[in-house]
Amino acid sequence: MKKLINKIDDVVPEQLDGMAKAYPDIIKVHFNPDFVYRADAPVKGKVALISGGGSGHEPMHGGLVGMGMLHAACPGAVFTSPTPDQMHEAARMVNAGAGVLFLVKNYTGDVMNFEMAAELAAAEGIDVQNILIDDDVAVKDSLYTAGRRGVGTTVLAEKIVGAASEAGYSLKQMADLARKVNVNGRSMGMAITSCTVPAAGKPTFDLPDDEMEIGIGIHGEPGQKRMKMKTADEITEMMALSIIEDPPYSRTVREWDKDKAEWVDVELTDPPFKAGDQVIAFVNSMGGTPVSELFTVYRKLADICDKKGLKIVRNLIGPYITSLEMQGMSITLLKVDDEMLKFWDAPVKTPGLRWGV
Amino acid sequence: MKKLINKIDDVVPEQLDGMAKAYPDIIKVHFNPDFVYRADAPVKGKVALISGGGSGHEPMHGGLVGMGMLHAACPGAVFTSPTPDQMHEAARMVNAGAGVLFLVKNYTGDVMNFEMAAELAAAEGIDVQNILIDDDVAVKDSLYTAGRRGVGTTVLAEKIVGAASEAGYSLKQMADLARKVNVNGRSMGMAITSCTVPAAGKPTFDLPDDEMEIGIGIHGEPGQKRMKMKTADEITEMMALSIIEDPPYSRTVREWDKDKAEWVDVELTDPPFKAGDQVIAFVNSMGGTPVSELFTVYRKLADICDKKGLKIVRNLIGPYITSLEMQGMSITLLKVDDEMLKFWDAPVKTPGLRWGV
Amino acid sequence: MSISRDDLVNWVKNSVEILHENSEYLTELDAAIGDGDHGINMDRGFKAVLAKLPDFEDKDIGTILKTVGMTLLSTVGGAGGPLYGTFYMRAGMAVAGKMELSLEDWTAALDEAVKGVVMRGKAELGDKTMVDALKPAVDALYKCIDEKKPLEESLQISADAAKKGMVDTIPLVARKGRASYLGERSAGHQDPGATSSYLLLKTAADTWHNG
Amino acid sequence: MSISRDDLVNWVKNSVEILHENSEYLTELDAAIGDGDHGINMDRGFKAVLAKLPDFEDKDIGTILKTVGMTLLSTVGGAGGPLYGTFYMRAGMAVAGKMELSLEDWTAALDEAVKGVVMRGKAELGDKTMVDALKPAVDALYKCIDEKKPLEESLQISADAAKKGMVDTIPLVARKGRASYLGERSAGHQDPGATSSYLLLKTAADTWHNG
Ligand SMILES: Nc1ncnc2c1ncn2[C@@H]1O[C@H](COP(=O)(O)OP(=O)(O)O)[C@@H](O)[C@H]1O
Ligand SMILES: Nc1ncnc2c1ncn2[C@@H]1O[C@H](COP(=O)(O)OP(=O)(O)O)[C@@H](O)[C@H]1O
Ligand SMILES: [Mg+2]
Ligand SMILES: [Mg+2]
Ligand SMILES: [Mg+2]
Ligand SMILES: [Mg+2]
């Protein structure tokens, strides 16, 4: 294993420290428990948006903290969910009295740790809500499984819901918006190389020189299937069609009911895409694939959307939700309405995403 | 070789096409000869800034075209200088009558191709100037060689000189500013993996699992030396000290004298860094190294600058001048004065770099 | 025969060692059907427990178990963190204030612990999770009580039941946790969480064999 | 004996083939001390020449050479593009209007071509560049003229001189082009540009041997 790191145990804290040194005007970093938070937190009168998850997906989440996006992010060890004390302490730090929304990627570990954090925060009288992101169409059958994983839509949700906080949305409004973003977003990923978790010291999986993994997650999990390497156009078409033609997806998720102070089951169904829809197209690098290759993918994706009658009104292209140095990419399509689009366009200033300011 | 590409011959044109589709409000792409140019070019009353070089360094240069930065960029084949007809046609397209500045990285191929383009443009009555970027301290003896390579300082120069164009600088003022940026910038790079040029189909060099190349360029050229892999801190220290303690560097460069209409030799000397200097610190990924690892480097770099009395007033961290999917990084320090800093902070809107707008 | 506080502390200490030794093995199991961090996570968590142990090893068994659980909760992360955190916290609550445990106490503690895991993770027997190792171990203990088996032997039988449960996860298709994303591809691999659970129960049996 | 226009066109066509066959070899040489694209660049450029050839192969030799040069200039890129572009353009200017070339004409053309390369690239003999193959080839031709050697033999002698120059680049430390960044590390490798130059001159000798 060759990486630009020092001691294995120091990888995450040193990266956080470097980020704090690089962007002191935007973020601060708290250690023990670890979390990144807005330099100007708590932001008066605004609902705090908090996310988190394993490290190794940078810039998500720590690099997406700042004006117009997250108020705090809780990084776990590499590819490992953070622990409840992190989210709990972060919530205390950035809560301005208007409440806290946890945006949680749907992985068993993340879900359970954020649930325990929500219970701790609620017990202290903090208004708290949790919304799941579960957008990975590669996970097919979900009735008896952990359900779809949270992937690319998370980044788009953080941008849109973060802007809504800036605009003065209430906790309930923000939760409703986040839920809307989630059911309208669909993603799929693929890998052409593995990544190496520093603590493991060797690649998570072996992939022959002429094969790829389709339908991977963002933690070096094996994908849905392994197949012979194909051209960028073929890969893009396969993934784009899986996303665009995905049937309605129904599932039950648990959300914290702050009035009842208990967990309630919520039924959700993703409406399928249809001709005439406006979408944000997000082509994401897994970390090791350079942006130049993403343009070949975007070129074909734009073509397919065009043929399917989907109008790409905005795009995001680059490494935003990564798997360390893995080579590969993911595609996310998010159907947007005027509300989402307005918040997408709103100014944002974070280490990893910035415009309008 | 596994990459997200289609036919080898189509790699660069398809990537350009994808970029044009992704950012129609910022750039346009001209094919045959190939160049990327500002969607609003020619910009009335403004001197046009043009750069170019081999492809494979994205976002540089095509992704740095837009308001406040380049007016046009000429992409060659992967790692191969573009040809004079590209720069010549680009100059005709974006020249608004106020002249054209060619910003050229110091590689024999780039220099000769841009020189021939300057001759063609000048012969047509276009006011033209060329300024070299030669900032790579890894190239030691230069008296009898092609001199130092142009690397990281190029990105910073494109930002600063592009903003000066926006502010209405004349061609001569822009050339003087570009020369000032060049002599005040120093860089050094390293690699932990090779990259694979699509047309070659296999890695440019082999690097054992426990070795790295120090002092590499940006084209998969072998570095100054190969050594055992070290920690991020050790690597950063070695490179930062090579940059900070680099003695005055003198050389003769050729610039086009538009009044005499001939090439003239210009003597340049880089003033060494000294305590109290204000610098922009740029930590760049070679493409395959994720941004998270760059923070470990930045952390140590900030520490070293601090000890050496250099004040980091701005920074840039991420993949901006890359070598395809190579893993590795480069460090650039640019000593800045108020003029440079003002232009650094000015708004910029390109596919690859954006703020203030 | 009973389990003294020192025995219990020794179990925790031996667990630290066993999980460290098996860290790579557990991680490999997790790499096959998960994300390759289970061994690393458990090792990190139990090292943190070892570091904090001097602060609370002189407390009662209930407090010790609860503190182990809280430490794991804030250091393991992933799915393992809340599950094993809950496991030890619930076990501790079941034997609050005790300075030594009978077979019945230990069985009650383990029963509560496993119920906590099920409450948190909603996994059922056969979902290919740690529950597949834990549940049979509890059932075996109750059977031993019925059959009036001695403590040492019961612990061994319980560990054997966990081992069988662990091995039986191999052909299963995962329905909970990260492995469930793999669908059919998860069959043919042993569940890492069931493996760590077995290791912990085996360590209990081994520790208290000479205890 | 002289070189007809058809001979010249055949030389160009054979050059396309030879450079294509040696593309990987040249690229490997360039990977060792440069950036691994010389063969790819030359192959791309000469393929473009072949595609355009029908448009101008019925012109005079000077025009044909100049057009080859201009095509290379806009398709090869890198250092090779302007150097070989200049090479052919200068050669064409030296024999403007001619429909066949004597040994003296060919020598003058090559002399001018190499002077153009030196003007553009400022390399001297021993800098480990294509000049190390080209310059000896020109010198050898002048010697052949002095010694009144026949055309065919002279071409062979000239190609041999280029070959020696090429091989002699191996121990040299590069002082021009990308290889110069390597310093001492460039010694021990044959220069790719000198190699492509030799291949072109060898192809001339081979083509005009039966011509
Ligand atoms: N819902 C669940 N209930 C019980 N155990 C579970 C559940 N989900 C996962 N597990 C257990 O957790 C183990 C994985 O733990 P670990 O690798 O630490 O977490 P993560 O999957 O977050 O990386 C699995 O092998 C399985 O035994
Ligand atoms: N200044 C120069 N003068 C003459 N030949 C040169 C000069 N610089 C480089 N060359 C030749 O060009 C060759 C490299 O060509 P090529 O690989 O096509 O260009 P690049 O170095 O831009 O990739 C070298 O092997 C050398 O023979
Ligand atoms: Mg994990
Ligand atoms: Mg080149
Ligand atoms: Mg795991
Ligand atoms: Mg080359």
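The coordinates are above.
For every chain, the first residue of its written sequence is number 1, and the numbers climb from 1 along that sequence. In the order they appear in the text, chains get letters beginning with A and ligands get numbers beginning with 1. Only residues with pLDDT of at least 70 are given local features in this predicted model, and only at 80 or more are side-chain atom pairs given and counted; all residues enter the totals for whole chains, interfaces and linings. Neither water nor hydrogens contribute to the side-chain values; these are computed over all heavy atoms in the structure.

Participant: Which residues make up the site of ligand 1, and what are the values?
Facilitator: Nearness is judged by heavy atoms alone; a residue qualifies as near a molecule or strand once a single heavy atom is within 4 Å of it. Within the structure, ligand 1 sits among 21 residues, and Asp37(C), Ala79(C), Gly121(C), Asp191(C) and Gly193(C) are positioned closest to it. Around ligand 1, the neighbouring residues derive from chains A and C rather than from a single chain. At a separation of 2.8 Å, a nitrogen atom of ligand 1 approaches a polar backbone atom of Gly121(C). Counting of polar contacts relies on pairs of N or O atoms within 3.5 Å, with two restrictions inside protein: one atom must be capable of donating a hydrogen and the other of accepting it, and residues adjacent in sequence are counted only when both atoms are side-chain atoms. Contacts to ligand 1 include Arg178(C), whose side-chain N or O atom sits 3.1 Å from an oxygen atom. The way it works is that DSSP assigns letters per residue, a run of H or I at least four long becomes a helix, a run of E at least two long becomes a strand, and they are numbered from the N terminus. The set of elements that each furnish at least two residues to the shell around ligand 1 consists of α3 (38–56), α5 (80–94) and α9 (192–207) of chain C.

Participant: Describe the pattern of salt bridges, listing the residues and the values that go with them.
Facilitator: All names here are of chain A. For salt bridges, the criterion is a side-chain nitrogen of Lys or Arg within 4 Å of an Asp or Glu carboxyl oxygen. The full count for this structure, using the stated rule, is 89 salt bridges over all chains. Across the pair Arg 251 and Asp 270 runs a salt bridge whose closest N-O atoms are separated by 2.6 Å. Taken together, the positions of Arg 251 in strand β10 (residues 249–257) and Asp 270 in strand β11 (residues 262–270) put the pair 19 residues apart, joining distant regions of the chain. In this scheme, a residue with accessible area under 20% of its type's maximum is buried, one over 50% is exposed, and one in between is partly exposed, where area comes from a 1.4 Å probe on protein chains only. When its relative accessible area of 0% is taken as the criterion, Asp 270 is described as buried.

Participant: Quick rundown of the packing of helix α8 (residues 151–168) of chain C against α9(C)? Include the residues and the values.
Facilitator: All names here are of chain C. Following both chains from N to C, one finds α8 and α9 inclined at 165°, their axes separated by 9 Å at the closest point. Here α8 is positioned roughly antiparallel relative to α9, judged by the angle of their axes. The element α8 and its partner α9 pack so that their crossing is left-handed. Contact with α8, carried on its side by Leu 155, Gln 156, Ala 159, Ala 162, Lys 163 and Met 166, involves Ala 194, Thr 195, Tyr 198, Leu 201, Lys 202, Ala 204, Ala 205 and Asp 206 of α9 and no other residues of that element. To get an axis, a line is fitted to the C-alpha atoms, and for a helix only the part in contact is used. The angle between two axes follows their N-to-C directions and goes from 0 to 180 degrees. Convention used here: angles under 35 degrees read as roughly parallel, angles over 145 as roughly antiparallel, angles from 65 to 115 as roughly perpendicular, and any remaining angle as oblique. Left-handed describes a crossing whose near helix is turned anticlockwise from the far helix through less than a right angle; right-handed describes the clockwise counterpart. Working rule for contacts: check all heavy atoms of both residues, and any pair within 4.5 Å makes them a contact.

Participant: If you had to explain the coordination of the magnesium ion (ligand 4) to someone new, which residues and values would you point to?
Facilitator: Coordination of the magnesium ion (ligand 4) by the protein comes from Phe79(B) (O), Asp35(D) (OD) and Asp37(D) (OD), over a distance range of 2.0 to 2.7 Å. Coordination here is defined by N, O and S atoms within 2.8 Å of the metal (3.2 Å for Na, K and Ca), and since water is not considered, a site can look incomplete. Distance-wise, the magnesium ion (ligand 6) is placed 3.5 Å from the magnesium ion (ligand 4), both being coordinated by Asp35(D). Here Phe79(B) is found in the loop between β4 (72–78) and α2 (84–94), whereas its partner Asp35(D) is found in the loop between α2 (23–33) and α3 (38–56) on a different chain. Just as Phe79(B) is buried, Asp35(D) falls in that class too.

Participant: Provide a residue-level description of the relation of the copies chain A and chain B, including the pertinent values.
Facilitator: When the copies are superposed, the least-squares fit takes in the C-alpha atoms of residues with a pLDDT of at least 70 in both. Its rotation angle being 180°, the transformation that places chain A on chain B also includes 0.0 Å of axial translation and leaves an RMSD of 0.0 Å. What the superposition gives is, in effect, a two-fold axis relating one chain to the other. Among all residues of chain A, the one whose C-alpha sits closest to the rotation axis is Gly288(A), at a distance of 2.0 Å. Of all interface residues in chain A, 100% are interface residues in chain B too; the two copies therefore contact each other through one and the same surface.

Participant: I'd like a description of the arrangement of the chains, backed by residues and values.
Facilitator: Take the three pairs of chains in contact: the one carrying the most contacts is chains A and B. The two partners chain B and chain C share no contact, and the minimum distance between any of their C-alpha atoms is 19 Å. A gap remains between chain C and chain D, with no contact made and the closest C-alpha atoms lying 37 Å from each other.

Participant: Describe the packing of aromatic side chains, naming the residues involved and giving the relevant values.
Facilitator: Pairing of aromatic rings covers Phe, Tyr and the six-membered ring of Trp, with a centre-to-centre limit of 6.5 Å; geometry is then stacked below 30 degrees between planes, edge-to-face above 60, and tilted otherwise. For the coordinates displayed, the defined rule picks out 30 aromatic pairs over all chains. Geometry around Phe343(A) places Lys342(A) over its ring, the cationic atom sitting 4.7 Å from the centre. We note Arg149(B) situated over the ring of Tyr181(D); from NZ or CZ to the ring centre the distance is 4.8 Å. A positively charged side chain is recorded as over a ring if its NZ (Lys) or CZ (Arg) lies within 6 Å of the ring centre. The angle to the ring normal must also be within 35 degrees.

Participant: Mind laying out the site of ligand 2, listing which residues take part and the relevant values?
Facilitator: Taken together, 21 residues lie near ligand 2, and Asp37(D), His38(D), Ala79(D), Gly121(D) and Asp191(D) sit nearest. Site remark: ligand 2 is flanked by residues from chains B and D. Contact distances for ligand 2 include 2.9 Å between an oxygen atom and a side-chain N or O atom of Asp35(D). Within the side chain of Asp191(D), an N or O atom sits 2.5 Å from an oxygen atom of ligand 2. Calculation of accessible area relied on Shrake-Rupley with a 1.4 Å probe; when residues are assessed, cover is drawn exclusively from the protein chains displayed. Here ligand 2 has 570 Å² of accessible area as a free molecule, and 96% of this is covered by the chains. Elements that contribute at least two residues to the shell around ligand 2 include exactly α3, α5 (80–94) and α9 (192–207) of chain D. Here the shell around ligand 2 gets three residues from one element, more than from any other, and that element is α9(D).

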